[in-house]
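Topology and contacts: notes
Spelled out from the first residue to the last, the chains are:
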Amino acid sequence: DLDQMAPELVNILVPHFCNSAGLLMLEAIVGDAEQSEIGRDEAHLVRRLAVASDDGDPGWESAFPVGEILRYPAEPPYTRCIDSREPVSVVMTEEAASELAQAWARTPVSRLVSGVSMLLLPIMAGESLLGFFVCTRAVGFRRFDAYDTELGMEFASRSALFMDSARRYRRERATALTLQRSMLPTGVSAPRSVEVQRRYLPGSQLIEVGGDWYESITLPGGRVALVVGDVAGHGVRAAVTMGR
């Protein structure tokens, strides 16, 4: 699950690699798992999935709230990373930090990022950009260099494998769940002398989509046939077999 995975990945970066870090993904990918092409207007729209800092300053959470959908100004390194799909390393000047704070109407942003060494790591699944990591080292710490960039990109490429798998799993799960629910009976038939109640309860969230099914069939003579079945397996294939 992406929402569960995001903070786990960020907490690997902090404090082992940087003082603070965030994970942002393209909203076109997070918001619509079926969308394969991203429009020009959506290319810079991102959603923050996780943020972490090693100094315990609560200002990070208020300045960079998780779940926020945002667009960066046109010039900063974030946009350059999205467009080039290459790592970007900069030192955030006081002016650049102020411009970012003004763009978001969030004053604490300027204090938190002014003067920091920042490294942006694109997360690539093949030729597709999923999002990027934002890593910062505070004033007084060693700035990011070429070795850090190489190490960070190795981490980003490994993270991309997990994130792309999670994205594909979510898409398949949503498809199977929709298919399964569309084929389960919305109403059950029974003679007037019989009242039928039914409930579908998955064994756990891990196996929510399976091949279990039920039916109630009215028979002659005031009788009713109650049927419960199960197809081995889970996912789209089990749901399709259940439909057959």
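For clarity, every value in this text was computed on a predicted model and none was experimentally measured.

1. Digging into the overall build of the protein chain
When helices and strands are counted, the protein chain shows 8 helices and 8 strands. The C-alpha atoms of the protein chain give a radius of gyration of 25 Å, which is well past the 18 Å a tight globule of 244 residues would have. Along the three orthogonal principal directions, the C-alpha set of the protein chain runs to about 85 × 35 × 35 Å. Buried residues in the protein chain amount to 41% of all 244 residues. Distance between charge centres in the protein chain, computed from 24 positive and 32 negative side chains, equals 7 Å.

2. Thoughts on the side chain of Arg 137
Relative to the helices and strands, Arg 137 resides in strand β6 (residues 128–137). According to the relative accessible area criterion, Arg 137 is buried, its value standing at 10%. Engagement of the side chain of Arg 137 in a polar contact is seen with the backbone oxygen of Phe 17, the distance being 3.1 Å. Excluding anything up to four places from it in sequence, Arg 137 contacts Phe 17, Cys 18, Asn 19, Val 116, Ser 117, Arg 142, Arg 143, Phe 144 and Asp 148.

3. Notes on the pattern of salt bridges
Taken as a whole and judged by the stated rule, the model has 9 salt bridges. The residue Arg 47 makes a salt bridge to Glu 27 at a minimum N-O spacing of 2.8 Å. Here Arg 47 is found in strand β2 (residues 45–53), whereas its partner Glu 27 is found in helix α2 (residues 27–31), with 20 residues between them in sequence. Judged by its relative accessible area of 21%, Arg 47 falls in the partly exposed class.

4. A word on the sheet that holds strand β3 (residues 69–71)
What holds strands together in a sheet is hydrogen bonding between their backbones, with the strands either parallel or antiparallel. One open sheet accounts for 6 strands, arranged β3-β2-β1-β6-β5-β4; its pairing is antiparallel. Both edges of this open sheet fall to β3 and β4 (88–91), since each of them pairs with a single strand only. Neighbour-to-neighbour, the strand axes of this sheet turn through a mean angle of 30°, independent of strand direction. Here 3 bridges tie β2 to β3, and the two strands are oriented antiparallel to one another. By the bridge assignment, Arg 47 is partnered in β3 with Ile 69. Where helix α1 (residues 2–13) meets the sheet, it contacts β1 (20–26), β2 and β6, and its direction lies at approximately 50° from that of β2.

5. So, the packing of aromatic side chains
Tallying each qualifying case throughout the model produces 7 aromatic pairs. Between Tyr 72 and Phe 132, the aromatic rings sit 6.3 Å apart at their centres with planes inclined by 50°, giving tilted as the arrangement. With Tyr 72 in the loop between β3 and α4 (77–84) and Phe 132 in strand β6, the pair connects residues that are 60 residues apart, well separated along the chain. For Tyr 72, a relative accessible area of 8% gives the class buried. Judged by centre distance (5.5 Å) and plane angle (50°), the rings of Phe 133 and Phe 155 are tilted. Of the two residues, Phe 133 is situated in strand β6 and Phe 155 in helix α7 (residues 146–183); the sequence distance between them amounts to 22 residues.

6. Digging into α1
Helix length check: α1, at 12 residues, gives a terminal C-alpha distance of 17 Å against a target of 16 Å (1.5 Å per residue), a fit within 8%. Those residues of α1 that fall on the buried side of the exposure criterion are Leu 2, Met 5, Ala 6, Leu 9, Val 10 and Leu 13. Down the axis of α1, the buried set is contained in an arc of 130°. They therefore lie on one face. In this structure, the buried side of α1 is in contact with β1, β2, β6 and α7.

7. Re the packing of α7 against helix α8 (residues 236–243)
Running from amino to carboxyl end, α7 crosses α8 at an angle of 15°, the nearest separation of the two axes being 8 Å. One element, α7, and the other, α8, form an angle in the roughly parallel class. Here α7 runs over α8; the crossing is left-handed. Packed against α7, whose contacting residues are Glu 172, Thr 175, Ala 176, Leu 179, Gln 180 and Met 183, the element α8 presents Val 236, Ala 239, Val 240, Met 242 and Gly 243 at the interface. Among the residues forming the contact of α7 with α8, the class breakdown is 7 nonpolar, 3 polar and 1 charged.

8. Thoughts on the nonpolar core
Of all hydrophobic cores here, the largest spans 57 residues; its most connected members are Tyr 72, Phe 132, Phe 133, Cys 135 and Met 163. Once residues lying within four places of it in the same chain are set aside, the contact partners of Met 163 are Leu 2, Met 5, Leu 9, Leu 23, Met 25, Ile 123 and Leu 130.

9. Notes on the confidence of the model for the protein chain
Scored by pLDDT, the protein chain comes out at a mean of 85, with 91% of its residues at no less than 70. The model gives residues 33–40 a pLDDT under 50, and that stretch makes 10 contacts with residues more than four places away or in other chains.

Cut-offs applied
- Residues numbered from 1 in each chain as written.
- Predicted model: local features only at pLDDT ≥ 70, side-chain atom pairs only at ≥ 80, totals over all residues.
- Heavy atoms only, no water.
- Helix = DSSP H or I, 4+ residues; strand = E, 2+ residues; numbered from the N terminus.
- Rg over C-alpha atoms; globule rule 2.2 N^0.38 Å.
- Buried < 20%, exposed > 50% of the residue type's maximum accessible area, 1.4 Å probe, protein only.
- Lys, Arg positive; Asp, Glu negative; His and termini not counted.
- Charge placed at Lys NZ, Arg CZ, Asp CG, Glu CD.
- Polar contact = N/O pair within 3.5 Å; in protein donor to acceptor, adjacent residues only side chain to side chain.
- Contact = heavy atoms within 4.5 Å.
- Salt bridge = Lys/Arg side-chain N within 4 Å of Asp/Glu carboxyl O.
- Pairing = 2+ DSSP bridges.
- Axes fitted to C-alpha atoms, helices over the stretch in contact; angles between N-to-C directions.
- Phe/Tyr/Trp six-rings, centres within 6.5 Å; stacked < 30°, edge-to-face > 60°.
- Expected span 1.5 Å × (residues − 1).
- Arc of directions from axis to C-beta.
- Parallel < 35°, antiparallel > 145°, perpendicular 65-115°, else oblique.
- Left-handed = near helix turned anticlockwise from the far one by under 90°.
- Nonpolar A, V, L, I, M, F, W, Y, C, P; charged D, E, K, R; others polar.
- Core = buried A, V, L, I, M, F, W, Y, C linked by side-chain atoms within 4.5 Å.
- pLDDT = per-residue confidence, 0-100.

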